[in-house]
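Report on the structure
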Amino acid sequence: MDTSGMYVGLDIGTTSIKVIVAEYLEGQLNVLGVGNERAAGLSRGVIVDIDKASEAIKRAVKAAEEKASIQIHDVIVGISANMLKIEPVTGMVAIGDQAREITDQDVRDVAAAAIIQNLPPEREIINLVPDEFIVDGFDGIKDPRSMVGVRLEMNGMLFTGPKTIVHNTRKAVEQAGLNAQLAVVSPIAQGLSILSDGEQDFGTVLLDLGGGQSTAAVIHDHRLKFAEVDPEGGDYITKDISVVLNTSIENAEKLKRNYGFADSSRASEDNQFPVDVVGQSRPSDISEKYLAEIIEARLMQILGKLKTQLDATNALSLPGGIVLTGGVAALPGITDLAQDVFDVPVRVSIPDQMGLRHPSFTQALSLVNYRGQMSEVALLVQSALAGNDQLASQVEQRPEPQQSVEVSDTRHTQTVQSRASKTNKPKKQRGQGIKKFFTDFFE
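Cut-offs applied
Counting starts from 1 at the beginning of each chain's written sequence and moves along it residue by residue. Local features in this predicted model are restricted to residues whose pLDDT is 70 or higher, and side-chain atom pairs enter the listing and the counts only when it is 80 or higher, whereas totals over whole chains, interfaces and linings include all residues. Computation of side-chain values covers all heavy atoms of the structure but excludes hydrogens and water. Following DSSP output, two strands are said to pair if at least two bridges run between them. The secondary structure listing takes helices from DSSP runs of H or I that are at least 4 residues long and strands from runs of E that are at least 2 residues long, numbered from the N terminus. With axes taken as lines fitted to C-alpha atoms, and helix axes fitted only over the stretch in contact, angles between N-to-C directions fall between 0 and 180 degrees. We call two residues in contact when some of their heavy atoms are within 4.5 Å. Among the buried residues, those of types Ala, Val, Leu, Ile, Met, Phe, Trp, Tyr and Cys that are joined through side-chain atoms within 4.5 Å form a nonpolar core. Note on classification: 1.4 Å probe, protein chains only; a residue is buried when its accessible area is under 20% of the maximum for its type, exposed when over 50%, partly exposed between these limits. Roughly parallel refers to an angle under 35 degrees, roughly antiparallel to one over 145, roughly perpendicular to one between 65 and 115, and oblique to any angle outside these ranges. Crossing handedness is defined as follows: a turn of the near helix away from the far one that is anticlockwise and smaller than a right angle gives a left-handed crossing, while the clockwise case is right-handed.

1. Some details on the sheet that holds strand E9 (residues 123–135)
- Pairing in this open sheet of 4 strands is antiparallel, and the strands run E7-E12-E9-E10 from one edge to the other. Both outer strands of the open sheet, strand E7 (85–94) and strand E10 (138–141), are each paired with one neighbouring strand and no more. Each strand of the sheet is rotated relative to its neighbour by a mean of 35°, with strand direction disregarded.
- Both E9 and strand E12 (residues 151–162) contribute to a ladder of 11 bridges, which runs antiparallel. In the sheet register, Leu128 faces E12, and the bridge partner there is Leu158.
- Those strands touched by helix H2 (residues 104–114) are E7, E9 and E12, and its axis lies near 130° from that of E7.
- Each of E9 and E12 touches helix H11 (residues 376–383); the most contacted strand, E9, lies at about 135° to it.

This is the structure in C-alpha cells:
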C-alpha cells in the first residue's frame, strides 16, 4: 500500500498543545508546519474544561496552518494511557456457504465481531490492533484479502479507556472545528516511532515524562503490553521550585529550563544566579546545586513510583532497557539519574527533524508517523470500531486477481545491535540526602 499523504498530528498535553503538519512520502517524514501553544483546560493530562481546551487547540492549529499554508480539517489525536485496559479479543465470521475471495468488507466484519462484548458503561474502545487472521484453520496470516475461504477469524488486542477521557478529548477536537480522523493510545504511536525494530521485538520500557503526568509503557513483541500513569510531572517540579524558593510559578519555570539539572552531582555550588523572591525588593542569589537538589528530589519520587510498578511486571529485565521522552527528559543529567534509579541502560529519544529537536515534540511526530505506517488491514480494522467509513475509503482499490492467490509464510531474522556494557560505577546515595532535604524544609 502507498501510504504517502499529508497528515496532521495533535498532541494535547497538560502544559502545551502541539500540532504538526507533515508529508509522509516513501517512508520519509517531511514536516511542513508546526503549532505550539500553551495549553488550557487540562489537569494531569486530562481535559477538565472542554471550552478552554478547544480554544487552545484552535490557536495551535492556526499557527500550524499559517506555517504550512494549508487548511487543517482532519487530525490524528493521541489519547493518554490513564486507566488503560489491554485485553485479547477474537472474532469469527462466515464468508459464505461456498468458498469465495475475502474482501475488505469481510475484514471489517470480522473486526466488528471481535469487539462484540459488554463493555462497562464507563469505558470506551480506543484501538483494536490485529495480531493475526485465520482462514479455514490456517493461522499466522497478516492480510487475508484475496484468499479463498468459508470462515475468517481474527485474533487481536483491544485497548479501552475511561469514557470521560475519550469523550472529552474528541469533544474538544470537534468543538475546535476539526475531525478526529484517528485516535491512538499515545504509547502505541511512540513505541512504533522511536523504538528500533529490535527494541520493539525483544522488549523495552518507554518513559514519557510530561508536564502533567509521567507514563511508563512496556513494548514487547511489537505490542503495547503494559501502561501505568503517575499523575506527577514537570509541573510538580516547577511548583516545588516555586514553594522552596518563594518565587512565582513563571520564574520557577524559567529557572528550571535555564539552570536546572536532574542530577545534582552535575551541578556546581559556585555557579549562582539571581531569583526574584516574593516580598523582597532585591533578588536573592541561589546556587545551581541547590536548584538541582530541589529538582532531583521530585524526580526521584516520580521515578521511584514508576519503578515499583515496573518491578511488579518484571519489565526491567527486558533487554531493551529504558527510553526516555517528554519535556522533562530534556533536563541535563536525566539519563544518569534514571540509570541510578532503575539500574538498566537508559537513553533519551530526541527527534532529528530540524527545529523540533526536543523530546517534547516526540508525541506529535509519533502520531503522524504512526498514521503513515498503518497498513491497509490496520486501517480496515480500526474503521470497524465506529463505522468510520472515512478510514475505510482511504484503502486503495485493489485490482481483481485473475487466479487464486498462493501464500507462503516467510520469516526473517532480525539483527539487534548490542548495547555497550554498562560501566560498574557505585550508585549514588541519594535517598538519605533527599529525605533530609524535605524533612528540614517542611518541618
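2. Comments concerning the nonpolar core
- If you look at the biggest cluster of nonpolar residues, it comprises 89 residues, and the most contacted ones within it are Leu10, Ile12, Ile57, Ile72 and Phe133.
- Grouped together as the second largest cluster of nonpolar side chains are 39 residues, Leu255, Ile295, Ile322 and Leu337 included.

3. Brief notes about the environment of Thr238
- Relative to the elements of secondary structure, Thr238 occurs in helix H6 (residues 234–245).
- Separated by 60 residues in sequence, Thr238 and Arg298 have C-alpha atoms that sit 9.8 Å apart.
- Discounting residues that sit within four places of it in the chain, Thr238 has contacts with Ile249, Ala252, Glu253 and Lys256.

4. Remarks on the packing of helix H1 (residues 50–68) against helix H3 (residues 163–175)
- Running from amino to carboxyl end, H1 crosses H3 at an angle of 55°, the nearest separation of the two axes being 8 Å. Judged on the interaxial angle alone, H3 and H1 are oblique. When you trace H1 past H3, the crossing you get is right-handed. Across from Ile50, Asp51, Ala53, Ser54, Ile57 and Lys58 in H1, the residues of H3 making contact are Asn168, Lys171, Ala172, Val173 and Gln175.

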